[in-house]
Amino acid sequence: MACSPAPVLITGASQRVGLYCAERLLAEGQPVIITYRSDRPGVRQLEDLGAIVLQADFSCEASVLDFIARLKDRTDCLRAIVHNASDWLAEGTHDEADVFTRMFSVHMLAPYLINLHCADLLRRCEKADIVH
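What you are looking at is a predicted structure, and each value in this text was computed from that prediction instead of being measured.

The rules behind the values
- Every chain is numbered on its own, with residues counted from 1 as its sequence reads.
- With the structure being a predicted model, the display of local features is reserved for residues of pLDDT at least 70 and the display and counting of side-chain atom pairs for 80 or more, all residues being used for whole-chain, interface and lining totals.
- Values shown for side chains rest on all heavy atoms present in the structure; no hydrogens or waters enter the calculation.
- Throughout, an axis means a line fitted to C-alpha atoms (over the contacting stretch in the case of helices), and angles, computed between N-to-C directions, take values from 0 to 180 degrees.
- Per the convention used, a helix needs a DSSP run of H or I reaching at least four residues, while a strand needs a run of E reaching at least two, with both numbered from the N terminus.
- Each crossing gets its hand from how the near helix is turned against the far one by less than a right angle, where anticlockwise is left-handed and clockwise is right-handed.
- Residue contacts follow a heavy-atom distance rule, with two residues in contact if any of their heavy atoms lie within 4.5 Å.
- Nonpolar residues are Ala, Val, Leu, Ile, Met, Phe, Trp, Tyr, Cys and Pro. Charged residues are Asp, Glu, Lys and Arg, and all others, Gly as well, are polar.
- To count as a disulfide, a pair of cysteine sulfur atoms needs to be within 2.5 Å.
- Any residue under 20% of the maximum accessible area for its type is buried, any over 50% is exposed, and the rest in between are partly exposed; the area is computed with a 1.4 Å probe on protein chains only.
- A pair is scored as a salt bridge if a Lys or Arg side-chain nitrogen falls within 4 Å of a carboxyl oxygen belonging to Asp or Glu.
- Strands are treated as partners if at least two bridges between them are detected by DSSP.
- Look down the strands so they point away from you; if going from the first strand over the helix to the second traces a clockwise path, that crossover is right-handed.
- In plain words, nonpolar cores are sets of buried Ala, Val, Leu, Ile, Met, Phe, Trp, Tyr and Cys residues tied together by side-chain atoms within 4.5 Å.

Asker: I'd love a proper account of the packing of helix H3 (residues 61-74) against helix H4 (residues 96-117), names of residues and values included.
Answerer: Two numbers describe a pair of packed helices, the interaxial angle and the distance between the axes. Look at H3 against H4: their axes get within 10 Å of each other, and the N-to-C directions meet at 35°. At the point where H3 passes H4, the crossing takes the right-handed sense. Of the residues in H4, those touching H3 at Glu61, Val64, Leu65, Phe67, Ile68 and Lys72 are Ser105, Leu109, Ala110, Leu113, Ile114 and His117. Looking at the contact of H3 with H4 residue by residue, the class counts come to eight nonpolar, two polar and two charged.

Asker: Tell me about the state of the cysteines, and please be specific about residues and values.
Answerer: By the definition in use, this model includes zero disulfides. Sulfur of Cys77: no disulfide; nearest cysteine sulfur belongs to Cys125 and is 4.6 Å away. Residue Cys77 is classed as buried on the basis of its relative accessible area of 16%.

Asker: If you had to explain the side chain of Ser14 to someone new, which residues and values would you point to?
Answerer: Of note, Ser14 is situated in the loop between strand E1 (8-10) and helix H1 (16-27). Not counting chain neighbours up to four residues away, the residues in contact with Ser14 comprise Leu19, Thr35, Tyr36, Ser38, Arg40, Gly42 and Val43.

Asker: Which residues make up the pattern of salt bridges, and what values do they have?
Answerer: According to the stated counting rule, one finds eight salt bridges in the structure shown. Where Asp129 meets Arg79, a salt bridge forms, and the shortest distance between an N and an O atom there is 2.6 Å. Residue Asp129 is located in strand E5 (residues 129-131), and its partner Arg79 is located in the loop between H3 and strand E4 (80-82); the two are separated by 50 residues in the primary sequence. Asp129 gets classed as partly exposed once you look at its relative accessible area, which sits at 34%.

Asker: Any details on the pairing of strand E2 (residues 32-36)? Residues and values, ideally.
Answerer: In terms of residue burial, E2 counts as a mostly covered element, since five of its five residues are buried. Neither face of E2 is exposed, since Val32, Ile34 and Tyr36 on one face and Ile33 and Thr35 on the opposite face are all buried. Where E1 meets E2, three bridges bridge the pair, whose relative direction is parallel. Paired with Ile10 across the two strands is Ile34, which belongs to E2. In this view, the connection linking E1 to its parallel neighbour E2 by way of H1 has right-handed handedness. Pairing geometry for E2 and strand E3 (residues 52-55), over four bridges, is parallel. In the strand pairing of E3, Ile34 is matched with Val53. Following the backbone out of E2, through helix H2 (residues 41-48) and into the adjacent parallel E3, one traces a crossover that is right-handed.

Asker: A description of the nonpolar core should follow, citing residues and the corresponding values.
Answerer: Ranked by internal contacts, the top residues of the largest apolar core, which has 19 residues, are Leu9, Phe58, Phe67, Leu71, Leu78, Ile114 and Cys118. At the level of secondary structure, the elements contributing two or more residues to this core comprise H3, H4 and helix H5 (119-123). With 16 residues, the next largest nonpolar core counts Val8, Leu25, Ile34 and Val53 among its residues.

What follows is the structure in structure tokens.
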């Protein structure tokens, strides 16, 4: 990806694939904004490399919308959105609906709302991508 002054948003970048992608982009000079649910060593590592880090819980609509408002306070454009946030819970007896609702929110509702409410940020760049 060619370097752009507009940041790339990577959700769920405190570990594994998201952390690796953020590190690579930052090494190439690409500004990056990451989200994380739980504080992990990767969060401080990315912050030390220059990433903007925003804590976000994507388990319900209100917290996703709160994240979007905080994101828009930090940037007026986005080069790309990389949806990497994930939550996988094992079903137990009698909690199947709660588990489904949380996973639906993190994996489907959050990306949908972020795409919808951040479309204006993407349109401000000559090139813009969304990766799911």
